[in-house]
Amino acid sequence: MDSTYEHFGTVDFVADDRFLRHHLAPSAESTVFWEEYLLHYPHKNTEWQQAEELLNAVLLGLTSYSRTYLSEEEEARLLDRIMRTTEAYDAGTHDIRTHEAPVKPLRQTAWYRMAAAVVALAVVAAGYMVWRPKTSGKAHYAETISALESTSKVTRHINNSAEPELYYLPDSSSVMLAPQSEVSFTAAYNQENRSVYLSGKATLDVVPNAGKPFFVYANEIVTKVLGTKFEVVAFDDGSDVTVKVLNGKVTVYQNNVRNNGADVAPKQSAVLLLPNQLVVFDRKAELFDKRLVENPVSLPDVKSLPKFEYEDGFAVRFFEDIKKAYGVNVVYNPELLANCQFSAAFSDESLPEKLDVVCKTIGASYEIIDAQVVITTAGCKP
Amino acid sequence: MAGAPTDEVTQWKELLTGNKEAYAAIYGLHVKAMYRYGMSLVSISEEFVLDCIHDVFAEIWIKRDRLSVPDNIRSYLFVALKNRILHLLKRQERPHMFVSQEHFEDLWFESSAEDILTQKEESASREELLTRLIGQLPPRQQEAIRLRFVENMDYQEIGQVLEVNTQSAHNLVFRAMEKLRGWLLAALFLFQYGLIWK
């Protein structure tokens, strides 16, 4: 038995190559080694476990680092750019080599560098023109797929039938694919993250896995989720792109603004969507428009759903119940509403119907602005 | 990094003979980690990091007839990327780049119990608290723990990337762990104390 570890403390373990390799990439050999070790030195169990806890704490604290993802699309694009630089270099060197006498090595290297720099610049400019998002959006999906196919194996699935079709992804997340819609993913799916590419309409039910964020690339937008159910509509015919959340939370952002992964999604063009919210991407104006879905439904995962029965109930309580049941934000001034009371019992009324009844009763009005319910009132007399 | 090293070495050798497929395979194996590492060094500009990765790979291709197989391909690429980034930053003559690493380390404040309490109160989750605490470590220690815990590099490889010997690389991680453990115990203590008095 290796005696190196006889006097190890918590910090010694957590900074030890062998301990860390076992936890980060365990092998049969490392498992045997540590099992034997703990049998030999049972009094080290506490330190060993504390080291494990500390290790998990460090990993948690490094989440934003470990989740800095290079999207597959960007990876393919960068490889394309590198390949073109090398091609340009290979084509160029023959000329340079045959024309230059090999006498001044120093100047020659300088020349090479400059030539390479100029070529690289030209390639960047060319690359930019090729990759500029096309406002017509006609061939967006096809373009993306052919770029991906140059670097990895792409699995494509098209629903050619007239009925929606349920299709399972490798991690058993499901895609309800509408007719004439297509979904694809590369061999890298479910390795560091889960990226799918969509053309058409689909409702996705994503298996929660915080370690492997799920991305949907659909025309000009990217939707990022950790585990949820939502619908994406993105046809190549130039119509607007929409994302609707049925459960959970998703972030939607524009695809030509590159994503940096989990915590640094570009803020200016990112939209956070909660259940009952819907975002429409206006392809002409390149703008997001956040709305409430037409018929908000109460959330499926709320533990104790409010009863919506009030006898001399406070309006404030009603609005709080709305927030809880529908996951919709209600903006109001609690001081103005302090004296507003009403009696009502709702059963199957829709959200707008409930709001109508209560607002009329207490002499207030409501508007839906930017997916929030905004209450306007002058207050009630005590 | 664990994986299939022999395979990787074969591909690298193929690359040196001018095989583009092997070149693309090496790129595919390492680009995600290079991007992550590059972004941790200069988080302000993704464009800049991507340019630097491009330059690293372009240079490997151009110099391939003079290159050999590195001891460790992952740390070789990390070093190349870091050098490229530092080279370009120096050319822009950023004044703060002239503070040497050692001096920088000396200027680092030791967090007080009060700081920890503030961090604890301002953090909405355990993840946030830990992110903040790690953010209080000296930059070299942060870099070392990222390489050790996320990239799973051993101390020899980390030493290569940070240009220090293996023992110093180990010391960086060890000191970071000592501090972090102390802070976490302090945070736990303050948390319990807070519960009693609230």
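A quick note: this is a predicted structure, and the numbers were derived from the prediction, not measured.

## Concerning the overall build of chain A
Thought 1: Looking only at helices and strands, chain A has ten helices and 18 strands in total.
Thought 2: For chain A, the proportion of contacts with a sequence separation of at least 24, taken over those separated by at least 6, is 53%.

## Considerations on the overall build of chain B
Thought 1: From N to C terminus, chain B includes ten helices and zero strands.
Thought 2: Listed N to C, the secondary structure of chain B is α-α-α-α-α-α-α-α-α-α in terms of helices and strands.
Thought 3: A total of 198 residues make up chain B; the buried ones form 35% of that total.
Thought 4: In chain B, of all internal contacts separated by at least 6 residues, the share reaching a separation of at least 24 is 63%.

## Topic: the confidence of the model for chain A
Close inspection of predicted coordinates is inappropriate for parts of the model with low pLDDT.
Residues and elements named next belong to chain A.
Thought 1: For chain A, the mean per-residue pLDDT works out to 75, and 77% of the residues sit at or above 70.
Thought 2: Averaged pLDDT values for the elements of chain A fall to 37 in helix 7 (residues 105–131) and rise to 93 in helix 1 (residues 10–14).
Thought 3: Taken as a whole, residues 94–138 scores under 50 in pLDDT and shows 32 contacts with residues more than four places along the chain or in a different chain.
Thought 4: In this model, residues 257–268 is a region of pLDDT below 50 whose contacts with residues beyond four sequence positions or in other chains number 25 contacts.

## Quick notes on the sheet that holds strand 18 (residues 372–376) of chain A
Residue and element names in this part refer to chain A.
Thought 1: Ordered by their spatial adjacency, three strands build an open sheet running 15-18-17, and the pairing between neighbours is mixed. The two strands at the open ends of the sheet, each matched to only one other strand, are strand 15 (330–331) and strand 17 (365–369).
Thought 2: Where strand 17 meets strand 18, five bridges bridge the pair, whose relative direction is antiparallel. Within strand 18, the residue paired with Ile368 across the bridge is Val373.

## Let's talk about the nonpolar core
The nonpolar side chains of a soluble globular protein tend to be buried, and buried together.
Thought 1: Counting 65 residues, the largest nonpolar core has B:Met34, B:Ile53, B:Leu81, B:Ala144, B:Ile158 and B:Ala176 as the members making the most contacts within it.
Thought 2: With residues up to four places along the chain from it excluded, the contact list for B:Ala144 reads B:Ile158, B:Leu162, B:Ala169, B:Leu172, B:Val173 and B:Ala176.
Thought 3: Among the nonpolar cores identified, the runner-up in size contains 33 residues, and A:Tyr141, A:Tyr217, A:Ala234 and A:Val250 belong to it.

## Notes on the pairing of strand 8 (residues 229–234) of chain A
Residues and elements named next belong to chain A.
Thought 1: By the criterion of burial, strand 8 is predominantly enclosed, with five of the six residues buried.
Thought 2: When strand 8 meets strand 9 (residues 241–247), the two strands line up antiparallel, connected through five bridges. Residue Phe230 lies in a different strand from strand 9, and its bridge partner there is Val245.

## Focus: the packing of helix 4 (residues 45–61) of chain A against helix 7 (residues 126–135) of chain B
Thought 1: Put simply, helix 4 of chain A and helix 7 of chain B touch, their axes get as near as 7 Å, and they point 85 degrees apart. As judged from the angle between their axes, helix 4 of chain A and helix 7 of chain B are roughly perpendicular. Contacts between helix 4 of chain A and helix 7 of chain B involve A:Ala57, A:Leu60 and A:Gly61 on the former and, on the latter, B:Arg126, B:Glu127, B:Leu130, B:Thr131, B:Leu133 and B:Ile134.

## A look at the interface of chain B and chain A
Thought 1: Of the residues lining the interface, 40 residues belong to chain B; the matching set on chain A comes to 36 residues.
Thought 2: Looking at the side of chain B that touches chain A, the elements with two or more residues in it are helix 2 (20–41), helix 3 (46–62), helix 7, helix 8 (139–150) and helix 10 (166–197) of chain B.
Thought 3: For the side of chain B that touches chain A, the element with the highest residue contribution is helix 2 of chain B, accounting for nine residues.
Thought 4: A breakdown of the residues in the side of chain B that touches chain A according to their chemical character gives 24 nonpolar, six polar and ten charged.

## Some words on unusual backbone geometry
Residues and elements named next belong to chain A.
Thought 1: If you check the backbone angles, Ser172 has positive phi at about 65 degrees while not being a glycine.
Thought 2: As for its position among the elements, Ser172 is in the loop between strand 2 (165–168) and strand 3 (174–177).
Thought 3: In this structure, Asp312 takes a positive phi of about 50 degrees despite not being glycine.
Thought 4: In this fold, Asp312 is placed in strand 14 (residues 309–314).
Thought 5: By C-beta crowding, Asp312 is classed as exposed, having 7 other C-beta atoms within 10 Å.

## Focus on the environment of A:Glu47
Residues and elements named next belong to chain A.
Thought 1: Of note, Glu47 is situated in helix 4.
Thought 2: According to the C-beta neighbour criterion, Glu47 is partly exposed, with 18 such atoms within 10 Å.
Thought 3: A C-alpha to C-alpha distance of 7.9 Å links Glu47 and Phe8, two positions 39 residues apart in sequence.
Thought 4: Those residues within four positions of Glu47 in sequence are excluded, and the remaining contacts are Phe8, Gly9, Thr10 and Phe13.

## Topic: helix 3 (residues 28–40) of chain A
Thought 1: Here helix 3 of chain A contains 13 residues, and its C-alpha end-to-end distance of 18 Å stays within 8% of the 18 Å for a straight helix at 1.5 Å per residue.
Thought 2: Burial runs low along helix 3 of chain A: only zero of the 13 residues are buried.

## Description of the confidence of the model for chain B
Residue and element names in this part refer to chain B.
Thought 1: Across chain B, the average pLDDT comes to 80, with 74% of residues at 70 or higher.
Thought 2: Segment residues 93–108 is flagged for pLDDT under 50; beyond a separation of four residues in sequence, or across chains, it makes nine contacts in the model.
Thought 3: This stretch, residues 194–198, has a pLDDT under 50; its non-local contacts, to residues over four places away or in other chains, come to zero contacts.

What counts and what doesn't
- Residues numbered from 1 in each chain as written.
- Chains lettered and ligands numbered in written order.
- Predicted model: local features only at pLDDT ≥ 70, side-chain atom pairs only at ≥ 80, totals over all residues.
- Helix = DSSP H or I, 4+ residues; strand = E, 2+ residues; numbered from the N terminus.
- Contact = placed C-beta atoms within 7 Å.
- Buried ≥ 20, exposed ≤ 12 C-beta atoms within 10 Å, placed from the backbone.
- pLDDT = per-residue confidence, 0-100.
- Pairing = 2+ DSSP bridges.
- Core = buried A, V, L, I, M, F, W, Y, C linked by C-beta atoms within 7 Å.
- Axes fitted to C-alpha atoms, helices over the stretch in contact; angles between N-to-C directions.
- Parallel < 35°, antiparallel > 145°, perpendicular 65-115°, else oblique.
- Nonpolar A, V, L, I, M, F, W, Y, C, P; charged D, E, K, R; others polar.
- Expected span 1.5 Å × (residues − 1).

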